[in-house]
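A look at the structure
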Amino acid sequence: MVSIYNDIIKKAWRIIWRNKFLWFFGLFLVWIGQEVETLIRNYYLQTEGSLSLDSWRELFKSGFGGIFSDAWGLVSSTTLTAVVVMLVFVLLLILVVWLTVISVGGIIHSTIQAENGKAVAYNQAFAIGQKHFWKNLIVYLLAKIADYIFLILTGLVASLVAFGVIGVVVSVIMILLSFAVSLIIGFVAKYAACYVVARGQTLTEAVRSGWKLFIKNWLASIEMAVIIFVINFIVSLGLIIVLVIVSVPFLLLVVILSQGMAGASNVLLYVLTAIILLVTVFVGSVLSSFQFSAWVLFFLKLDQGKKLSKIIMWAERLAGRKSQPGVR
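1. Looking at the nonpolar core
I108, Y191, F292 and F298 are the most contacted members of the largest nonpolar core, which totals 60 residues. Take this core: its biggest share by element is 12 residues, from helix 12 (residues 262-303). Residues within four places of Y191 in sequence aside, it is in contact with G210, L213, F214, S221, W295, F298, F299 and L302.

2. As for helix 11 (residues 218-258)
Taking 1.5 Å of rise per residue, the 41 residues of helix 11 would be expected to cover 60 Å, and the 56 Å separating its terminal C-alpha atoms lies within 8% of that figure. Helix geometry: helix 11 is bent most strongly at S247, by close to 30 degrees, with proline P249 lying one to four residues after it.

3. As for the pattern of salt bridges
One pass over the structure, following the stated rule, counts four salt bridges. Across the salt bridge formed by D7 and K11, the nearest N and O atoms sit 3.5 Å from each other. Taken as a pair, D7 and K11 lie in helix 1 (residues 2-18) at a separation of four residues, close to a single helical turn. Since its relative accessible area comes to 35%, D7 is described here as partly exposed. The closest approach of N and O atoms between K11 and E115, which form a salt bridge, is 3.2 Å. Here K11 is found in helix 1, whereas its partner E115 is found in helix 6 (residues 80-115), with 104 residues between them in sequence. Classification of E115 as partly exposed rests on a relative accessible area of 31%. By sharing partners, the salt bridges in this structure join D7, K11, E115 and K301 into a single network.

4. Description of the environment of A180
Considering the arrangement of structural elements, one finds A180 in helix 9 (residues 165-199). Along the sequence, A180 and I222 sit 42 residues apart, while their C-alpha atoms lie 10.0 Å from each other.

5. So, helix 7 (residues 122-131)
If you check which residues of helix 7 are buried, you get A125, F126, I128 and G129. Across the axial projection of helix 7, the buried residues extend over an arc of 160 degrees, all falling on one side. Exposed side of helix 7, more than 90 degrees from the buried face: N123 and K131 are the residues found there.

6. Here we look at the packing of aromatic side chains
Counted under the stated rule, the structure contains 20 aromatic pairs. Ring geometry for W13 versus W17: centroids 5.6 Å apart, planes at 25 degrees, classification stacked. In this pair, W13 and W17 are both assigned in helix 1, four residues apart and thus about one turn of the helix distant. What makes W13 partly exposed here is its relative accessible area of 41%. With centroids separated by 4.8 Å and ring planes inclined at 90 degrees, the aromatic side chains of Y195 and F299 adopt a geometry described as edge-to-face. Here the residue Y195 occupies a position in helix 9, and F299 occupies one in helix 12, the gap between them amounting to 104 residues.

7. As for the environment of A127
Locating A127 in the fold gives a position in helix 7. Residue A127 is classed as partly exposed on the basis of its relative accessible area of 40%. Expressed as a C-alpha distance, the spacing of A127 and H109, which sit 18 residues apart in the sequence, is 9.9 Å.

8. Remarks on the confidence of the model for the protein
Scored by pLDDT, the protein has a mean of 82; 76% of the residues are at 70 or more. Counting interchain partners and residues more than four positions distant, the pLDDT-below-50 stretch residues 52-57 has nine contacts.

About the criteria used
Residues numbered from 1 in each chain as written. Predicted model: local features only at pLDDT ≥ 70, side-chain atom pairs only at ≥ 80, totals over all residues. Heavy atoms only, no water. Core = buried A, V, L, I, M, F, W, Y, C linked by side-chain atoms within 4.5 Å. Buried < 20%, exposed > 50% of the residue type's maximum accessible area, 1.4 Å probe, protein only. Helix = DSSP H or I, 4+ residues; strand = E, 2+ residues; numbered from the N terminus. Contact = heavy atoms within 4.5 Å. Expected span 1.5 Å × (residues − 1). Bend = angle between axes of the 7 residues up to and from the residue. Salt bridge = Lys/Arg side-chain N within 4 Å of Asp/Glu carboxyl O. Arc of directions from axis to C-beta. Phe/Tyr/Trp six-rings, centres within 6.5 Å; stacked < 30°, edge-to-face > 60°. pLDDT = per-residue confidence, 0-100.

Written as structure tokens, this is what we have:
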């Protein structure tokens, strides 16, 4: 399977390596979620009962609902500090959403430019992201709303089923169904955003085109998602191993210093935490920009009508051999 997508993977890495400003876009693309994050989120929400009938309010409280609730508590205290904190929070939220949506358009445009052998520039990418801001914002907003509505519905259905074998079977079905639907929504949203930027389609046209492209290439889309998942897993595992190896000497030094120099050991611990955080954010940004760039290249090939599914190719070859005289 991987050999079919080698060209896409290599080109995506080459593009983000030669145009390192795309890493900045990758920092914000993390917020819209990739396939790995979708699977982990769905598994956690379903298995931990976060979407059950008795605890659906906890999902709201533990997510953005809890943030807004705390913010409202600050505002209701009617102090100047509370108002300032609320305003800062709202402005930061707007800034993050704005940069996230612009990053979508920017990295799509940059990848297409690089694929066509044209110059890639940050200012141009940022301008294109701004140009298509509202369309891409609505695309991903609708995708998130649809995704969470379906998640809540599957969680409620699973919670209403009686305990026992039937309940377990239904829960497993609901979990798998939520995975499938979330991934489909993610695929369609990516393709729709690409149609907005690459083809200049209207919002309705882009969503319709994204859906048609997925339906026509659903198996290839899944194969691509599997490859991205494997790459993500390998990179994440490697990052964890490196961080553990680097952290051990620091932690030993912290333990030694804590015996007589508690202040120094605390400072060292803070430095270690900061290093781990910065390295994790950096690797996450690069990986996210790489993933999205790979999806854009994948979209371009699908939109050109190319067959990418390795499974379908194997099936066609097998069928062709069987149809030949004397072939068994």
